[in-house]
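Each chain is listed here by its residues.
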Amino acid sequence: MAVREEAAGLSGPGRDEEAALLFEKVHYRHDSRWLLPVSPRCCLACALELLPEPGVSLVRKKHVLSGFRDALMKHASLVVQLVAQDQRVCIHFISMLFGLLCNVEDGSITDLCIEVLIQLTTQLKLEQTIHCLLDECHKELCSMPSMRGSLATLTLLGKLVDAIPALADKLVMEHGDLMEHLLRGLVYPNEGVQASVCYLYGKLYSSPVAAEMLLGHFREKLCPLFLSTMDGAQTKELQINCLGLLKQLLKYDLFVSMIMNKSALVENTESVEGPPGETALPLVLKKLLLSRDETLQVASAQCITAVLVHSPAKHALAFIHADIPEFLFEHLSSSSEVLVWSCYNCLILLAEEPLFFSKCHTVYGIESVVRSLQGSLRMNNAELHKQGLLLFAEILTRQPEEIKLFTSSAMCRDAGHALREAVSSPVLEVAAEALKAISAFLRKDHQSALPVLYKELKALVKAMLSRCADLSQTPLNWRPLGHPSNRNSERAILRRGKFLLSTLEGFRNACRLAMEFQREPSAQENPFTAPSAEKEDTLEAFSEFLLSACDSLCIPMVMRYSEQATHPAVMEVFLSVLHGLFVIVPHMKEKFSKKLAASSFIRLALELKSRFCSGLSHSALNQVCSSFLYYMCINLLSAPEKTGPPSQEELSAVSELLQHGLPQISSRGPESLALLSERQYVEEAARQRQYCILLLFYLAYIHEDRFVSKTKLFVAVQNFLLSLQDQGEHPPLVIFRASIYLLAICQDKDGALDETVVGAIRKFLEDTPDLHRVYTHHPLLLRLFLLHPELMRRFGHRVLELWFSWEESSCEELDGVPSAGQPTLPASIAALFHMLRSSPSILLILLDLICSSPMDIAHKVLIVLKTFLRRNEDVQVGGLIRGHFLMILQHLLVEHGSSPSGARQASLSITNSRSLPQLLSIELVMPSNHLILSLSKLCGTCSPADSDILQPSFNFLYCSLHQTTLGSQRRAAAVLLSSTALIELLEKMLALTWAEEGSPRTGLLCSAWLLTASFSAQQHQGSLQVHQTLSVELDQVLKALSVPKKKAALLSAAILRFLRTALQQNFSSALVALLPSGAQSLPAPEDTVLSPLGTSQVLSLVIRLQNLLVQKDPLLSHACVGCLEALLDYLHARSPDFALHVACQPWNRFLMFTLLEAGENSFLKPEILRLMTLVSVEWTHSVVSDSATPWTAACQSSLFFTISQSLLKLMSIDSLHQVAKVLELQLQYQCVCLGGSASSQTLLLPLSMERFPP
């Protein structure tokens, strides 16, 4: 009654739904404990009576089951308590539900029953309940005459085992005979039943224990039926369940072997009549792969992968024979990431089988791979990127060389673009896979499609190196020791090392590619490039790019990483790259080796050997280090910077020495020094190692890599030399060269070698054929020889000669410095000067070198000697070297005089012309009459064409006549006038002034005219004896004073200087005879007075002087004014009236005005003021002599008017004072002139610039 009242009291929303869950006819009899206390108000007792009732509609039964399912899902614990109150009720309820499941054909009710049973069983967790359900299922399947109604039971069993995996083992062990019923279901012609059987089998085989127990069942019965069922499946449900079962089976190697063996047997009997209905797994999966359903395609690819994972070598052949790779490549164009991923995995495993390549699957599929890779890189799926790159790398790596993968350059270009994009990925793992693919891509057979795209290869290598460089520059966050983040930093360094290693391997392959293409003429450059186009796409450009990239990117990356960690594999690949670059860029190998040596790579290789290669460990690294050191040493020795190249014999000996000795060296610096210092008996093998160590130290030191202590190395080398002497051995010349160089470099500044060591060096040097074979150019080596008297006496001359032969730029710098300059000396020259100051006797060796050395060395010696004497005037060396200077000149004269006439000039100019100017400039400090005499004889033997000899000689002689004391000048003039050959040479040279062809340089002619004028002046003043006269044609002299070209202005000035001297001497010189040109008519009476000049010649000379004055050349103007002054003095002495006539010519007024108006303050120029003074004096003479004319007075007035106007233009008081002073001096000079004769001033050309006379 209570239940009935409660049921009758239901009210409110949902009352009808909740009432529908109760069986009203009987609900009143049920205890309330079977009623669920929450909504939905289900009554278990009602359900037990309602569901089996035949009179209740299926719709209501379905509603009750649906409500119970909802209650079980929402209130699982309450429903479980409700059902579990009585175990008998619980089992009855389950049996009732199972009975409903088996007897109702409505699919929706069946599904609800299965769902409620599964949920209830899993929630109750009662063994009896599970056993009950399994027993019911077993009974049902066993009692069925056919499998027609078994679908629900099989589905329940499959989902029950799926929900409770442990049931699989129990079901197989306790209900094993069910397997026979499952086989019946598998052959039943209903794909729903077959799908349920496959599903249940899949759940059973998911348990390893059950799978092992069912092994025999599968081998003997299930395998062929299953393959046939999967092959004939039409519905997607059956296909998917079959694939699910297959995946479970493929987890076990035994089942894989069974299936594949069965498939292989079927394939072998295809041509023979075999068992009906049997099929092979590869063909079944191929069929599914060709379906248009993406899910089936993915599942098929995953099953292929599951088979291949166990053993690609065993099972790949079957799939390749089934042409599955072809369809996998086709599916790479799919937009489904899962399908592409699955195809990638499958193809990666298939690529392990050589048949995959020999059947040309890769040749036809590589384009699909590249396009798929390009497409996948646009997706945001790093895992997909990695798998695609892994597949690409596998294909590139395993592709046989004889089968060309890329059949066109365009395809190769697309692959390069994809790899370049991949390596630039921000995801490190993707970039790392791209590096592996790039490394495999850089193979000759992959790049053999002509034309070779070197430009694309350069871009690819650059992208690879740039990505690695970006990673290496990422900062690491270091924390205190033991901090957890430090472990992250260590892992980051490890990742960087792996990435760097992959990058270097790719770069090494690029270098290997360049080396291989060097043997292919067709790969040298693009044959389709136009001849006029820039050659960028060539092998040479690619090789040079590799060298540049290594220098700018690889080396800095490796050095940066080595500061954090040293990985032997990284260094092995790195050094092999450097070794390869020596080969691919042979014209740069010496320069590259020098740069590496200067960057401490000898030290690096030795440190790697000592750290990792002791004993037999890291033999590959030891071999690479030794090979790298060997080639670098050979390159350095073949093209030395500071010493002569060794002979081929020496190089071969060193090559053999290094090849045998370098692999044996794995000691650290101190240990190597100890080995080098060994004084006891040294065996041959140890001696070879000593040689190698010494050579490495030598090459390192010569390139400024001093990684061992100088002091310790100095001692070790001394002991090494003494050990050689003790054992009576003579080292190879290269080794001895290294020894004395290291001694020189490591020696203290103020230290000296022991006498025993010096004696050993002297003995070794005496046995050396030529010193240049052991000489290394360095100031300290020169100091080593010059510091020890025993070595200097024996070898100083040759060492200094070698030292000067290597000095080029330093001597050229000194040669270009003016005499008055004191610039900073080059370091090598400064070191030599320091030795000369400490030991002046070295100067004698330098003087000997002038005579005995070739021309270029003698010239350098003279430059250095001149500079030393100029800079070190306090060093008293005059008496020491004066006699040697004279001896040198005599040597030159003897050498010149003994030359045949035909070769004399060439010999003189080649051997002595560069030395003589320097020698004479030195001797000017201490002139000697013997030197002047020798020099005059030298000049006398020359021809006018020997300008290189005559020019410095004339300069020296001219300076001797003007820049020394009066007594020295007179003695020098007497010596020179005694040289008839010199006078004859001057006469020839003066005559060449007006010659059209064959005239020497203008500067030499100027010197000849000036020297002649100086000779004449000195002879006239000192009444010196003349041994040979010098004749000059007067008319030719006057004609030469035409308006000169710019370059000939100096020559005109020199001729004017000569003419002025002749006028001052009244043409009465005992040395110079001025002769008329050709036949002359009888002179007029007035010409007799002016003889040897005529009236017309005087007027012509005046006009020429006026024309030269208006050229506005300062030097020429001075010469003109001086000559005009001397001419007027000459005319006054011979014919005063004619002199006044010349001075008062109207043209003079025009000349004065032209010069005064030539520029601002032009009248302040000395030559113009002097000319004004000269004209004013002449006009004053005319006034005093009463011969002045109105024109003369007008000229004078105009002149002073012009001066006054010019004075008004002056802008400063200082200038006014200056001109006033000039005018005052001019008036004083005029007054003096009125009281006596005007005195001429001497013009010295070109050594002095005349000023206005006081």
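Remember, predicted model here, so these are calculated numbers, not experimental data. (Residues numbered from 1 in each chain as written. Predicted model: local features only at pLDDT ≥ 70, side-chain atom pairs only at ≥ 80, totals over all residues. Heavy atoms only, no water.)

Asker: Sorry if this is basic, but what is going on with the overall build of the chain here?
Answerer: Scanning the chain for helices and strands turns up 64 helices and 2 strands. When each of the 1254 residues of the chain is scored for burial, the buried share is 53%. Look at the contacts in the chain between residues 6 or more apart in sequence, and 74% of them connect residues 24 or more apart. Taken as a whole, the chain presents about 55,500 Å² of accessible surface, with 54% of it coming from carbon and sulfur. (Helix = DSSP H or I, 4+ residues; strand = E, 2+ residues; numbered from the N terminus. Buried < 20%, exposed > 50% of the residue type's maximum accessible area, 1.4 Å probe, protein only. Contact = heavy atoms within 4.5 Å. Areas by Shrake-Rupley, 256 points an atom, 1.4 Å probe, with all protein chains shown as cover.)

Asker: Could you clarify how one ought to interpret the nonpolar core in this entry?
Answerer: Nonpolar side chains in soluble globular proteins generally cluster together in the buried interior. Residues Phe 507 and Leu 546 are the most contacted members of the largest nonpolar core, which totals 318 residues. In this structure Leu 546 touches Val 461, Phe 507, Ala 510, Cys 511, Ala 514, Leu 581 and Ile 584, once residues within four positions along its chain are discounted. The next biggest cluster of nonpolar side chains, apart from the first, holds 75 residues, and it includes Leu 982, Leu 1004, Leu 1090 and Leu 1108. (Core = buried A, V, L, I, M, F, W, Y, C linked by side-chain atoms within 4.5 Å.)

Asker: How should I be thinking about a nonpolar patch on the surface in this particular structure?
Answerer: Taken together, the side chains of Met 173, Val 209 and Met 213 define a hydrophobic patch exposed on the protein surface, amounting to about 280 Å² of accessible area. Mapped onto the elements, Met 213 comes out in helix α14 (residues 208–213). Judged by its relative accessible area of 37%, Met 213 falls in the partly exposed class. (Patch = residues over 30% accessible without salt bridge, like charges linked within 9 Å, V, L, I, M, F, W, Y side chains within 5 Å. Salt bridge = Lys/Arg side-chain N within 4 Å of Asp/Glu carboxyl O.)

Asker: Help me understand the pairing of strand β2 (residues 1072–1075) in this model?
Answerer: Along any regular strand the residues' side chains alternate between the sheet's two faces. Side chains of β2 alternate between two faces, with Val 1072 and Leu 1074 buried and Ala 1073 and Leu 1075 left unburied. Relative to β2, strand β1 (residues 1030–1033) is paired through 4 bridges, and the arrangement is parallel. Directly across from Leu 1030, in β2, lies its bridge partner Val 1072. (Pairing = 2+ DSSP bridges.)

Asker: Can you walk me through the packing of helix α50 (residues 929–940) against helix α51 (residues 947–962) in this structure?
Answerer: Each pair of packed helices can be summarised by the angle the axes make with each other and by the distance between the axes. Contact geometry of α50 with α51 gives a least axis separation of 10 Å together with a crossing angle of 145 degrees. Between α50 and α51 the crossing geometry is left-handed. Each of Leu 931, Ile 932, Leu 935, Leu 938 and Cys 939 in α50 lies in contact with α51, whose residues at this interface are Ile 949, Leu 950, Ser 953, Phe 954, Phe 956, Leu 957 and Ser 960. Here the residues of the contact of α50 with α51 are counted per class, giving 10 nonpolar, 2 polar and no charged. (Axes fitted to C-alpha atoms, helices over the stretch in contact; angles between N-to-C directions. Left-handed = near helix turned anticlockwise from the far one by under 90°. Nonpolar A, V, L, I, M, F, W, Y, C, P; charged D, E, K, R; others polar.)

Asker: I keep staring at helix α21 (residues 324–331) and nothing clicks. Help me out?
Answerer: Residues three or four positions apart in an α-helix share a direction because the helix packs 3.6 residues into each turn. Among the 8 residues of α21, 6 are classified as buried, and the element is accordingly described as predominantly covered. For α21, every residue scored as buried is listed here: Ile 324, Pro 325, Phe 327, Leu 328, Phe 329 and His 331.

Asker: For this particular structure, what's the right way to read the pattern of salt bridges?
Answerer: Opposite charge on two side chains permits pairing when their charged atoms draw close. Under the counting rule described, the total for this entry stands at 25 salt bridges. With a shortest N-O distance of 2.6 Å, Lys 595 and Asp 551 are connected by a salt bridge. With Lys 595 in helix α32 (residues 589–598) and Asp 551 in helix α30 (residues 539–562), this residue pair connects regions lying 44 residues apart in the sequence. Judged by its relative accessible area of 30%, Asp 551 is partly exposed. One network of salt bridges, with partners in common, ties together Arg 762, Glu 766, Glu 790 and Arg 794.

Asker: How should the side chain of Glu 807 be read in this particular structure?
Answerer: Topologically, Glu 807 is positioned in the loop between α42 (789–806) and α43 (809–815). Lacking a salt bridge, the buried Glu 807 has Lys 860 as its closest oppositely charged neighbour, with an N-O distance of 7.8 Å. (Lys, Arg positive; Asp, Glu negative; His and termini not counted.)

Asker: What exactly am I supposed to notice about the packing of aromatic side chains here?
Answerer: Think of a pair of aromatic rings as described by two things: how far the centres are apart, and how the planes are tilted against each other in angle. For the structure shown, the criterion picks out 27 aromatic pairs. Each ring, one from Tyr 698 and one from Tyr 741, has its centre 5.4 Å from the other, and the planes form 85 degrees; the classification is edge-to-face. Note that Tyr 698 is positioned in helix α37 (residues 684–702) and Tyr 741 in helix α39 (residues 733–746), a separation of 43 residues in sequence. Take Tyr 698 and Tyr 741: they sit in the same class, and that class is buried. Taken together, the ring pairs in this structure connect Tyr 201, Tyr 205, Phe 218, Tyr 252 and Phe 255 into an aromatic cluster. (Phe/Tyr/Trp six-rings, centres within 6.5 Å; stacked < 30°, edge-to-face > 60°.)

Asker: Would you mind going over the environment of Ile 130 with me for this structure?
Answerer: With respect to the helices and strands, Ile 130 occurs in helix α9 (residues 127–143). The exposure class of Ile 130 is buried, given its relative accessible area of 8%. For the pair Ile 130 and Ile 118, spaced 12 residues apart in the sequence, the C-alpha separation amounts to 10.0 Å. Residues in contact with Ile 130, not counting those within four places in the same chain, are Thr 121, Ile 164 and Leu 167.

Asker: Sorry, what's going on with the confidence of the model for the chain here?
Answerer: On average, the chain scores 80 in pLDDT, and the residues at 70 or more come to 79%. pLDDT under 50 marks residues 271–276. Its contacts with residues more than four places away, or in other chains, come to 0 contacts. Below pLDDT 50 for its whole length, residues 896–916 participates in 34 contacts with residues either more than four positions away or in separate chains. (pLDDT = per-residue confidence, 0-100.)

Asker: When you look at the environment of Met 73 in this model, what are you seeing that I'm missing?
Answerer: Mapped onto the secondary structure, Met 73 falls in helix α5 (residues 58–74). Looking at Met 73, the relative accessible area reads 53%, which means it is exposed. With 46 residues separating them in the primary sequence, Met 73 and Gln 119 have C-alpha atoms 8.2 Å apart. Ignoring anything within four residues of it in the chain, the contact list for Met 73 reads Glu 115 and Gln 119.

Asker: I keep staring at unusual backbone geometry and nothing clicks. Help me out?
Answerer: Glycine aside, a negative phi is what most residues show, and trans is what most peptide bonds show. In this structure, His 618 is a non-glycine residue whose phi angle is positive, near 50 degrees. Looking at where His 618 falls in the secondary structure, it is placed in the loop between α33 (601–612) and α34 (619–638). Of the residues examined, His 618 reaches a relative accessible area of 39% and is grouped as partly exposed. With a phi close to 65 degrees, Glu 704 is a non-glycine residue in the positive phi region. Here Glu 704 shows up in the loop between α37 and α38 (710–726). Looking at Glu 704, the relative accessible area reads 52%, which means it is exposed.

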